[in-house]
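Structural overview
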Amino acid sequence: MLPLAGVKVIEFCQVLAGPFCGCLLADMGADVIKVESPDGDLMRAWPPIVDGYSQYFASVNRNKRSVALDLKDAAGLAAARQLALSADVVIENFRPGVMAKFGLDHAMLARDKPALVYCSVSAFGQTGPRAKEGGFDMTLQAMSGAMSVTGEPDGRPVKCGIPIADFTAGLYAAFSVVSALLKTRRDGTGDHLDVSMLGAMLGIANLQTSEYFGTGRDPVRLGSAHPMNAPYAAFRCRDGYFALAAGTDKLWLAACEGIARMDLARDERFASPSARARNQDALRDLLEQTFLNYDVTQLLAIFNERGVPCAPINSYSQILADPQVRHMQWIEDITLPGGAASKTMISPQRVSGERLGVYRAPPALGQHTAEVLSEIGIKSKT
């Protein structure tokens, strides 16, 4: 019995932020019904395509059922409204005002179901001077300040390789939905949750906003380095790069001991985490003079033996084959609607020691239309 078993969620979402929220809820056991237009979620066409089905779409739409409805058709719109009112939760990620045009906004649905938890995910929020503006992950990374602190100091602005604005908004949305459900079960009242990608990106930027609030200075790009302690970065050695995070005095001393550089531990420039951060360019050059005498595997062995956090710079093929990933059983086989075998990364947390696996394969477009509509007393024509 998963924690959200018995919770019914209707998802009016496309692409990533909203569908990721729905995926997280579905992984926890909620019955997530994805309402799509007859053309389907735009992400269904995104590569890689395996046997006619998007692997990317599959990654955030497992454990859901798909219903295809034309909201511009009276019968389709009526079915969508009835579905929404049959649910505990509605998630949507259209621009503010779009759902109101169909009478599927929170205000209209809450009149008939005050206990409904309604979550709107958007680029900038439901109100304010930017509310009507659209946004994608990259533009939100730029707008939020994240690109101003990502990359090498003298390099071009770069975004995080992971679509962090989309996924962070989805995480905030899922957390908010579950929190609101607890309140609803306590007092019977629902909520309208306003989750924005911009707010989510600022919400996770505490290190940077605190630096600005505390100093009045804008944080800057530091490559892989940390603004407040060192050594805490990627370093070059004889056969490549590795990551070292010796950010405390104890770890710093252990690192110096491991490479026989206790002279650095006695250097006043490196006497504290903040001093090392202020002088980290000089520190990097001195450390790399020594690191160039070692291979990555040798340095990892030296620092791991002394309990100093360090890591290889893995590719995804390398980390997905890591023994810890295999032990946690995070990779699961799935079958796509056309019958092709594939794999997916499941939700990584465990509940009562049990993993959150795939109990329903990612759906074909409209695969469950007749089944779902029959559950609310509508006979589907399809």
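Worth saying up front: this structure is predicted, and the values here are computed from it rather than measured.

**A word on the sheet that holds strand β8 (residues 191-196)**
Taken together, 6 strands build an open sheet; the order of strands is β5-β2-β1-β6-β7-β8 and the sheet is parallel. Each end of this open sheet is capped by a strand with a single partner; those strands are β5 (64-68) and β8. Direction aside, the axes of adjacent strands within the sheet are offset by 20° on average. Along the sheet, helix α7 (residues 164-187) contacts β6 (89-92), β7 (117-122) and β8; its crossing angle with β8, the most-contacted strand, is approximately 165°.

**A few points about the pairing of strand β14 (residues 347-351)**
In the case of a regular strand, side chains alternate between the two sheet surfaces. Across 3 bridges, the pairing between β14 and strand β15 (residues 354-356) is antiparallel. Across the sheet, residue Val 351 finds its bridge partner in β15, namely Glu 354. Between β14 and β15, which pair antiparallel one after the other, the connecting turn spans 2 residues, and Ser 352 there sits at a positive phi close to 50°.

**Quick look at a nonpolar patch on the surface**
Taken together, Ile 162, Tyr 316, Ile 319, Leu 320, Ile 331 and Met 345 make up a surface patch of nonpolar side chains, about 520 Å² in accessible area. Examining the composition of the nonpolar patch, we find that 3 residues originate from one element, helix α15 (residues 316-320), more than from any other. Turning to its location among the elements, Leu 320 is positioned in helix α15.

The rules behind the values
- Residue positions are given per chain, counting from 1 as you read along its sequence in written order.
- Per-residue local features are limited, in this predicted model, to residues with pLDDT of at least 70; the limit for side-chain atom pairs, both in listing and counting, is 80 or more; totals at the level of whole chains, interfaces and linings are taken over all residues.
- In computing side-chain values, all of the structure's heavy atoms are included and hydrogens and water are not.
- In short, DSSP must find at least two bridges between two strands for them to pair.
- Here a helix means four or more residues in a row that DSSP labels H or I, a strand means two or more in a row labelled E, and each is numbered from the N terminus.
- With axes taken as lines fitted to C-alpha atoms, and helix axes fitted only over the stretch in contact, angles between N-to-C directions fall between 0 and 180 degrees.
- We call two residues contacting when some pair of their heavy atoms lies within 4.5 Å.
- Within this analysis, patches are made of residues with over 30% relative accessible area and no salt bridge. Like charges are joined at 9 Å or less; nonpolar side chains (Val, Leu, Ile, Met, Phe, Trp, Tyr) at 5 Å or less.
- To measure how exposed things are, a 1.4 Å probe is used in the Shrake-Rupley method; for residues, cover is taken only from the protein chains shown.
- By definition, a salt bridge exists where a carboxyl oxygen of Asp or Glu is found within 4 Å of a side-chain nitrogen of Lys or Arg.

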